Every structure is written in structure tokens, then in C-alpha cells.
Amino acid sequence: MKYKRLGQTDINASILAFGASVFNNFFKDSNFNYSPESLQDLKNIINKAFELGINYFDVAPWYGNAQNLLAIGLKDHERSSYYLATKVGRYNVDKPPNEWFDFSYQRTIKSVEDSLKLFDTNYIDLIQIHDFEFADDIQQILNETLPALNELRHKGKVRYIGINSYLIDKLKELIELSPIKIDTALTYTHLTLDDTSLIEFADYFRNKGIGLINSAPLSMGLLTETGPPNWHRAPEKIRDAAIKASQYC
């Protein structure tokens, strides 16, 4: 495994990370639960990740009970042996869309405290604002979410602050507007076999000293035999081409 420093942080992360959204059936090829067999499978997967050299684990409250399941899988490993990244702002995957987002100061603080308790840890390496482009007003991110996370950073409960968005221009906008230091930026499906648009923005983030995280290198299932979930953004012709490529391979 190769490792790379994430921006100007001291996170020396494996270049391949473990995304734990699969633990809550977020994609259609997983079905983890709390049965003894399922929990053992989960622990075996996490152990295999460590064996392969993965030291960076990413999750979010939005992924249902994935935080809790990942915590179970990480319990047998020393806290200093891995980096933990989770998120705030997006919740309640099983509820109506109008209950999915809350970027308020109070909810942000509570979300981090809940994650700390779930993982039985006194710090989170990287806390990220999840899909902040869905906020009613970017001013709420600037005036509530970021100040809440910065306060937690000063208390030592959060080490670094990141932002997540599918829209790369939105990442740049928030970085330019924020007086609070942003350490990382994550976007997804923009550096894959079917979309390499992230490359043209790499110098911008590098010059800002911001660690850039390319999420979903397999395009959220598009480039797998299982195929993407129904809500995948790819147009029909791209889906068809991916199916043909999978069959060919």
C-alpha cells in the first residue's frame, strides 16, 4: 500500500480508503445487520482492510447505522492505527427528503458528540460537511456549521475540517468565502474511467494547501458487475456502456 499526506494535515493516509456506506445497504450489493454471522463478516472485512494496509475509514450519519457497524468493526484495533473520517449535515436516510439536512450550529455539535460516543473515542481525525450545496443558504454554513466545527477543533474533539460536494465549483466557492481554515475537500465520481473532470481542478486545491479526496473511484458501482443504484447520476447511455464493458471483461 502507498501512503500520502492529506493536504497540510498530518494525516498520512493510504491512497485507497475504506468507505463504510456499504454497511447500511446504501448500495444494492450489501446486507449487513446485527446477526452474529453478519457481524463476523463485518469484522473480517475490516481486518482484511488493515491487512492490506488501509488506515483511513470514512463514514457518515447519512449512511444509517453504518457508523455503529464500523465502530464494531474497528473496536479490536488500536485507535492510533487508523484515521477516522465522518460527516455532519446530512441525516435520516429513511425519512422524507425535507428531513435529510440540518446544518445548524446545534445539530452540528450534537452530531459530532454522537459520533464520538458511537466510536468510543475522544477525537475524530476529519469531520466533513456533507453535501453542503443543499443548504438553504451558504451563509448558514459560514455562520453556523463551520464555526461549530472550529469550536470543536479548538477543544480537541475534531482534528481537521473538510467539505464535501458533488459540485466542484461549490467547493471552490466555500473555500474562497470561509475565514475558517478548511483542510480537505471531497468530491465523488469526478476521477473515474468515465469522468476525469477533477484533474483540471487539482492545482487549485494544491495551491490552497487543501487535501483533495477523490471518492467513488468505481463511480458508485457503475464500473462494477453489480451496477449502480437507481439514483446514480449517470445518463442511460453511460449505464449501457458500463454494462457492455463489464460483460466484455
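Structure shown above.
These notes cover the structure that comes with them. Only a predicted model underlies this, so the values are computations on that prediction, with no experimental measurement involved. Per chain, the residues get numbers from 1 upward, laid out in the order the sequence is written. It should be noted that, the model being predicted, local features are given only for residues of pLDDT at least 70 and side-chain atom pairs only at 80 or more, the latter also being counted only at that level, while totals for whole chains, interfaces and linings use all residues. Only heavy atoms go into the side-chain values, all of them from the structure, while hydrogens and water stay out.

Examining the pattern of salt bridges
No. 1: Definition used for salt bridges: Asp or Glu carboxyl oxygen within 4 Å of a side-chain nitrogen of Lys or Arg. A complete count under the given rule lists 14 salt bridges for this structure.
No. 2: Of the charged contacts in the structure, one is a salt bridge between Asp183 and Arg153, with a shortest N-O distance of 2.8 Å. Of this pair, Asp183 sits in the loop between helix H5 (168-177) and strand E8 (184-188) while Arg153 is found in helix H4 (residues 138-154), placing the two residues 30 residues apart along the sequence. With respect to burial, Asp183 and Arg153 carry one shared label: buried. Strands are runs of DSSP state E lasting at least two residues, helices are runs of H or I lasting at least four, and both sets are numbered from the N terminus onward. Partly exposed describes any residue whose relative accessible area lies between the buried limit of under 20% and the exposed limit of over 50%, with all areas from a 1.4 Å probe on protein chains only and scaled to the type maximum.

Examining the pairing of strand E6 (residues 124-129)
No. 1: Where burial is concerned, most of E6 is hidden: 6 out of the 6 residues are buried.
No. 2: Two strands pair under a simple rule: DSSP has to find at least two bridges between them. The pairing of strand E5 (residues 83-88) with E6 spans 4 bridges and is parallel. Residue pairing in the sheet places Lys87 in a bridge with Gln128 of E6.
No. 3: The handedness of the E5 to E6 crossover, carried by helix H3 (residues 105-118), is right-handed.
No. 4: In the sheet, E6 pairs with strand E7 (residues 158-164) via 5 bridges, with the strands oriented parallel. Classification remark: right-handed applies to a crossover when, strands pointing away from the viewer, the course from the first strand over the helix to the second runs clockwise.

Some words on the packing of aromatic side chains
No. 1: Two rings from Phe, Tyr or Trp (for Trp, the six-membered ring) form a pair when their centres are within 6.5 Å of each other. A pair whose planes differ by under 30 degrees is stacked, one over 60 is edge-to-face, and the rest are tilted. One pass over the full model with this rule turns up 10 aromatic pairs.
No. 2: For the ring pair Phe101 and Phe103, a centre distance of 6.0 Å and an interplane angle of 15° mean the geometry is stacked.
No. 3: Using a relative accessible area of 22% as the deciding quantity, one classes Phe101 as partly exposed.
No. 4: With relative accessibility at 3%, the residue Phe103 sits in the buried group.
No. 5: In this structure an aromatic cluster arises from ring pairing among Phe18, Phe23, Phe50, Phe57 and Tyr82.
No. 6: Here Arg79 stacks its cationic end above the ring of Tyr123, 4.1 Å away from the centre of that ring.
No. 7: Over the face of the ring belonging to Tyr91 we find Arg107, whose NZ or CZ atom lies 3.9 Å from the ring centre. When the NZ atom of lysine or the CZ atom of arginine is within 6 Å of a ring's centre and also within 35 degrees of its normal, the charge is said to sit over that ring.

Quick notes on the packing of H4 against H5
No. 1: The N-to-C vectors of H4 and H5 enclose an angle of 55°; their axes lie 11 Å apart at closest approach. Regarding the angle of H4 to H5, the classification is oblique. As H4 packs across H5, the resulting crossing turns out to be right-handed. Contacts between H4 and H5 involve Ile138, Ile141, Leu142 and Leu146 on the former and, on the latter, Glu173, Leu174 and Leu177. Working convention: axes come from line fits to C-alpha atoms, limited for helices to the stretch in contact. Angles between N-to-C directions cover 0 to 180 degrees. Angles are sorted into four bins: roughly parallel if under 35 degrees, roughly antiparallel if over 145, roughly perpendicular if 65 to 115, and oblique for all others. A clockwise turn of the near helix away from the far one marks a right-handed crossing, whereas an anticlockwise turn of less than a right angle marks a left-handed crossing. Residues are treated as being in contact if the distance between any of their heavy atoms lies within 4.5 Å.

Here we look at helix H1 (residues 36-51)
No. 1: The end-to-end C-alpha separation of H1 is 22 Å, in line with the 22 Å expected for 16 residues at 1.5 Å each.
No. 2: The complete set of buried residues in H1 reads Ser38, Leu39, Leu42, Ile46, Ala49 and Phe50. The buried residues of H1 all sit within an arc of 125° when viewed along its axis, so they share a single face. The outward face of H1, more than 90 degrees from its buried face, is lined by the exposed residues Pro36, Glu37 and Glu51.
No. 3: Looking at the buried residues of H1, the elements they touch are strand E3 (18-19), strand E4 (56-58) and helix H2 (66-74). Take the residue count of a helix, subtract one, and multiply by 1.5 Å to get its expected span. Here the arc refers to the set of directions running from the helix axis out to each C-beta atom.

Overview of a nonpolar patch on the surface
No. 1: The grouping of Met1, Tyr3, Ile15 and Leu16 at the surface amounts to a nonpolar patch, some 400 Å² of accessible area in total.
No. 2: Mapped onto the elements of the fold, Ile15 is located in the loop between strand E2 (12-14) and E3. Each patch is built from residues that are more than 30% exposed by relative accessible area and take part in no salt bridge. Like charges join if they lie within 9 Å; nonpolar side chains (Val, Leu, Ile, Met, Phe, Trp, Tyr) join within 5 Å. We get accessible surface area from the Shrake-Rupley algorithm with a probe of 1.4 Å; when it comes to residues, only the shown protein chains can shield them.

Observations concerning the sheet that holds E8
No. 1: One open sheet accounts for 7 strands, arranged E3-E4-E5-E6-E7-E8-E9; its pairing is parallel. Single-partner strands in this sheet number two, and they are E3 and strand E9 (211-215).
No. 2: The pairing of E4 with E5 spans 3 bridges and is parallel. By the bridge assignment, Tyr56 is partnered in E5 with Tyr83.
No. 3: Sitting on the sheet, H4 is in contact with E5, E6 and E7, with an inclination near 155° to E7.

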